[in-house]
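Summary of the model geometry
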Amino acid sequence: MTITGPRLNNDGVINAWQNGLSARNSRRSLTSVSYPNGRAELFSYNLKIGERTPAGVTVIADFTAPAKGFHSMTTSCHVNLAKGLTGNSVIMNPLVWECSPMSERKPF
């Protein structure tokens, strides 16, 4: 995955994702990839943890221990930060997320 866009702190990457923009943090552990149709994806490492729909709705996969979706401490921090900064996002159980088309990586 090639990420273009500015290098920002984690808050900045999540804000960019909310606004449909590409960004990455300095370690490339949190990235946002945007598409021309207004859709954007949020990744913790190579795990897709969020999607912004063309209508601007943000959906976050709850990959944390309480939701039985733990992957890593860093991913849990990224998910919790996204949940805290977005406020009005749809939070999806990881089992539901895995069955939804949003969990798939799309080439464009």
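A brief report on the enclosed structure follows. (Residues numbered from 1 in each chain as written. Predicted model: local features only at pLDDT ≥ 70, side-chain atom pairs only at ≥ 80, totals over all residues. Heavy atoms only, no water.)

Overall, mixed pairing links the six strands, which are arranged β1-β2-β3-β4-β5-β6 in an open sheet. Only two strands of the sheet have a single partner each, and these edge strands are β1 (23-24) and β6 (90-92). In the sheet, strand β4 (residues 47-52) pairs with strand β5 (residues 58-61) via three bridges, with the strands oriented antiparallel. Note on β5: the bridge partner recorded for E51 is V59. Here helix α1 (residues 10-18) sits on the sheet in contact with β1, β2 (30-34), β3 (40-44), β4 and β5, set at roughly 20° to β2. Of the strands in this sheet, β2, β3, β4, β5 and β6 touch helix α2 (residues 73-86), which is tilted by about 150° from β5. (Pairing = 2+ DSSP bridges. Helix = DSSP H or I, 4+ residues; strand = E, 2+ residues; numbered from the N terminus. Contact = heavy atoms within 4.5 Å. Axes fitted to C-alpha atoms, helices over the stretch in contact; angles between N-to-C directions.)

To continue, consider the pairing of β3. With five of its five residues buried, β3 lies for the most part within the structure. Inspection of the sheet shows β2 paired to β3 by five bridges, in the antiparallel sense. Counterpart to V33 in the pairing with β3 is E41. The pairing of β3 with β4 spans five bridges and is classified as antiparallel. (Buried < 20%, exposed > 50% of the residue type's maximum accessible area, 1.4 Å probe, protein only.)

Our focus in this paragraph is the nonpolar core. With 17 residues, the main nonpolar core has I14, W17, L30, L42, I49, F63 and W97 as its most contacted residues. Only α1, β3, β5 and α2 provide two or more residues apiece to this core. Looking at this core, the element that brings in the most residues is α1, giving four residues. The residues touching L30, leaving out its near neighbours within four places in the chain, are N10, V13, I14, A23, R24, N25, L42, F43, I49 and H78. (Core = buried A, V, L, I, M, F, W, Y, C linked by side-chain atoms within 4.5 Å.)

Turning our attention to the packing of aromatic side chains. What the rule picks out here adds up to zero aromatic pairs. The side chain of R39 reaches across the aromatic face of Y35, ending 4.3 Å from its centre. (Phe/Tyr/Trp six-rings, centres within 6.5 Å; stacked < 30°, edge-to-face > 60°. Lys NZ or Arg CZ within 6 Å of the ring centre and 35° of its normal.)

Interpretation note: all reported values are geometric properties and have no functional meaning in isolation.
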